[in-house]
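Descriptive analysis of the structure
What follows is each chain in one-letter form.
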Amino acid sequence: MPTKAPVAKTAAPYNWGGFYVGAHAGYLWSSTEVRDAGVVVESNARTNGFIGGALAGYNYQMGEIVLGLDGDLGWSNAHGTGLAVVVSPNQYDLDWAGHFRGRLGYAPGQGPWLFYVAGGLAVTRFVFT
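A brief structural summary. (Residues numbered from 1 in each chain as written. Predicted model: local features only at pLDDT ≥ 70, side-chain atom pairs only at ≥ 80, totals over all residues. Heavy atoms only, no water.)

**Observations concerning the pattern of salt bridges**
- For the structure shown, the criterion picks out five salt bridges.
- Arg 101 serves as the salt-bridge partner of Asp 72, at 3.0 Å between the closest nitrogen and oxygen. One end of the pair, Asp 72, is in strand β5 (residues 65–85); the other, Arg 101, is in strand β6 (residues 89–106), and 29 residues separate them in sequence.
- Given a relative accessible area of 26%, Arg 101 falls into the partly exposed group. (Salt bridge = Lys/Arg side-chain N within 4 Å of Asp/Glu carboxyl O. Helix = DSSP H or I, 4+ residues; strand = E, 2+ residues; numbered from the N terminus. Buried < 20%, exposed > 50% of the residue type's maximum accessible area, 1.4 Å probe, protein only.)

**Looking at unusual backbone geometry**
- Residue Asn 44 is not a glycine yet carries a positive backbone phi of 60 degrees.
- Relative to the assigned elements, Asn 44 resides in strand β3 (residues 39–46).

**A word on the packing of aromatic side chains**
- Under the definition given, this model contains five aromatic pairs.
- A ring pair is formed by Tyr 92 and Phe 128, whose centres lie 5.6 Å apart and whose planes are at 25 degrees; its orientation type is stacked. Here Tyr 92 is found in strand β6, whereas its partner Phe 128 is found in strand β7 (residues 115–128), with 36 residues between them in sequence.
- Classification of Phe 128 by relative accessible area gives partly exposed; the value is 44%.
- Ring pairing ties together the aromatic residues Tyr 92, Phe 126 and Phe 128, which thus form one cluster. (Phe/Tyr/Trp six-rings, centres within 6.5 Å; stacked < 30°, edge-to-face > 60°.)

What follows is the structure, given as structure tokens:
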């Protein structure tokens, strides 16, 4: 009875294309520096707190080239109190932060590695009182 030759299994190339969504959460350790007419009036005022939010994006793959767009929006309760006292200490609040970026990537051999450069816009709502 003839025997069958074993079937060679080859790994399918990775596909970096498609939509994705996710979430992020963490703690923000930062410091705030305030300048008035170029003079530092407050330096190293801690502005710390939780930050978390959602992200979404899309990648399009053409062979080994990957093009992508993504964005995220995070909410924060980061708060700080300054050290400089004039009438009352300065207060710092980071309410939210958002980012929108484009990506140009290279997936050598369409394998498990993706090397890319990204650039875009970052915005935040920072309140100083």
